[in-house]
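# Structural characterization, general
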Amino acid sequence: NSRSLVEWSQFNDKIIKRLKVAHLYERYRYYFNQDRPEFTYGSTNSYILNYDAKYQLGSITLNGIGELSTIAAEGSNIENATRNQATGTLMFSHEVTNKFTYGLNVRQELVSDFQSPLLLSFDTKYLFSKGYNININASKNYRIPTFNDLYWSGAGAIGNEDLIPETSKQAELGHNIIGKGYHFNLTTFYISSENLIQWTPNNSGIFSPRNIKESKQYGAEGALDLEKTWGKHELRFKNLYAYTKSVDKQTNHQLIYVPEHQFTSNLSYQLKRWDVYYQLLYNGSVFITTDNSESLPGYSLSNVGVEHNFQLSPKIKCTLSLKVNNLYNTYYQNVAFRPMPNRNLNLQFITKF
């Protein structure tokens, strides 16, 4: 893989302009059997031109973004696939008072192989008090199939060239309570989708994407962050719980591999340049068949790690970390018949110049 980016920026009190030119190159070979020479392959070349201009007009902010991109791909089952895309986005934000703000976004895409509708979104935020605010947003969304969705060919999975784009409408309501040493957020959401693209297995266990005619997703997320600092010591405790119902409207069954319950927690202690942490993940049971007749059990995972930040010189910053994943050696599967790693160590050294 290679990624290259050149950016030109201009700043003043009222205007910020950015021009970016990027090139992305990716290539892979996949060997079904490491002892044999046969393999499948794929490669892509992407070129992206992006212009971003933001204007500040008193309490009003206008942001316009234009992007041109082209991607060409070839591989074992792709003779020559090309996608050209032009995108224009206009974002309007108005701070009516110190307590009330709202925004409107308009987005239009022109894609060589699909027709994209005009997309609109709206968001607003109201500050009831210093420690409590709510935010509301609603949008219409559109997603075209990726090249992987259309053409992927590999062990256990194959693309679907008959896919059509998915569209959705979503609404979200969030509550934020902020105090000294704590932050609590509660968000509820509802999404109605048409032709949702989802990868599902057939009777042989081969995954392939398909369109689900109508589906709905709704639920809630709650996050609680606690923080305590004394002297050079800092203790942080972050928690996130998510409840999600994702249902095929025609069958009223939960979509496969979407857990109803998820919980993550991270407890960390920092002293000067040392950081020690403990992570906990709970992933609820998931259905593995579209008729919800079979499922994978839920599981809990724990990780523990230590990290040290130091400098070799004023311009060279380093991070050395050691992490023990799956601390209690839990047996679990994210996908049926594909066991995940047992207890393992991860040693990482990062240098920044």
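Look up a bit, the structure's there.
Quick look at the structure, then. Sequence order as written defines residue numbering, which begins from 1 separately in each chain. Two thresholds apply to this predicted model, a pLDDT of at least 70 for residue-level local features and 80 or more for giving and counting side-chain atom pairs, whereas whole-chain, interface and lining totals are computed over all residues. Side-chain measures were taken over the full set of non-hydrogen atoms in the model, leaving aside hydrogen atoms and water.

## A word on the overall build of the chain
Our working rule: Under the DSSP-based scheme used, a helix requires at least four consecutive residues in state H or I and a strand at least two consecutive residues in state E, with every element numbered from the N terminus. Per-residue accessibility, obtained with a 1.4 Å probe over protein chains only, is compared with the maximum for each type, and a residue is labelled buried under 20%, exposed over 50%, and partly exposed between these values. The contact definition used throughout considers only heavy atoms, calling two residues in contact when any of these lie within 4.5 Å. Where accessible areas are quoted, they stem from the Shrake-Rupley method and a 1.4 Å probe; at the residue level, only the protein chains shown are allowed to cover. Counted as positive: Lys and Arg. Counted as negative: Asp and Glu, with His and the chain ends omitted from the count. Charge positions come from single atoms, namely NZ of Lys, CZ of Arg, CG of Asp or CD of Glu.
On a plain count of helices and strands, the chain comes out with 1 helix and 24 strands. If you line up the chain on its principal axes, its C-alpha atoms span 60 × 50 × 50 Å. Across the 353 residues that make up the chain, the buried fraction comes to 29%. Taking contacts inside the chain between residues at least 6 apart in sequence as the whole, the part at least 24 apart equals 49%. By element, 56% of the accessible surface of the chain is carried by carbon and sulfur atoms, the whole surface being about 22200 Å². Taken as two groups, the 35 positive and 30 negative side-chain charges of the chain have centres that lie 10 Å from each other.

## A closer look at the pairing of strand S20 (residues 299-313)
For clarity, the cut-off: At least two DSSP bridges between two strands are needed for those strands to be called paired.
Two elements, strand S17 (residues 274-283) and S20, share 10 bridges in a ladder whose sense is antiparallel. Bridge pairing links valine 276 to valine 306 in S20. Relative to strand S21 (residues 316-325), S20 is paired through 9 bridges, and the arrangement is antiparallel. Its bridge partner being in S21, glutamine 311 is matched across the sheet by lysine 317. A loop of 2 residues connects S20 with S21, the two strands running antiparallel in sequence.

## Quick notes on the packing of aromatic side chains
We apply this condition: Side-chain rings of Phe, Tyr and Trp (the six-membered ring for Trp) are treated as a pair once their centres are within 6.5 Å; stacked means planes under 30 degrees apart, edge-to-face means over 60, and tilted covers the remaining angles.
Inspection of the entire model under this criterion finds 13 aromatic pairs. Ring geometry for tyrosine 30 and phenylalanine 32: centres 5.3 Å apart, planes at 90°, overall edge-to-face. Overall, the relative accessible area of 35% leaves tyrosine 30 in the partly exposed class. Put simply, the rings of Phe92, Phe100, Tyr102, Tyr126, Phe128 and Tyr132 pair up and form one aromatic cluster.

## A word on the environment of phenylalanine 287
Along the chain, the position of phenylalanine 287 falls in strand S18 (residues 286-287). Looking at phenylalanine 287, the relative accessible area reads 27%, which means it is partly exposed. Ignoring anything within four residues of it in the chain, the contact list for phenylalanine 287 reads Gln254, Ile256, Tyr257, Asn292, Glu294 and Ser295.

## Brief notes about the pattern of salt bridges
To be explicit about the condition: Salt bridge, as applied in this entry: a Lys or Arg side-chain nitrogen positioned within 4 Å of an Asp or Glu carboxyl oxygen.
Counted by the stated rule, this structure contains 9 salt bridges. Note that arginine 107 is salt-bridged to glutamate 109, the shortest N-O span being 2.8 Å. Residue arginine 107 is classed as partly exposed on the basis of its relative accessible area, which comes to 32%. The network of salt bridges with shared partners includes Arg143, Asp149 and Glu166.

## Observations concerning the environment of glutamate 234
Within the secondary structure, glutamate 234 is located in strand S14 (residues 233-248). Each C-alpha atom, one on glutamate 234 and one on tyrosine 269, is 5.8 Å from the other, the two residues being 35 residues apart in sequence. For glutamate 234, the residues in contact, after removing those within four places along its chain, are Glu227, Lys228, Thr229, Ser268, Tyr269 and Gln270.

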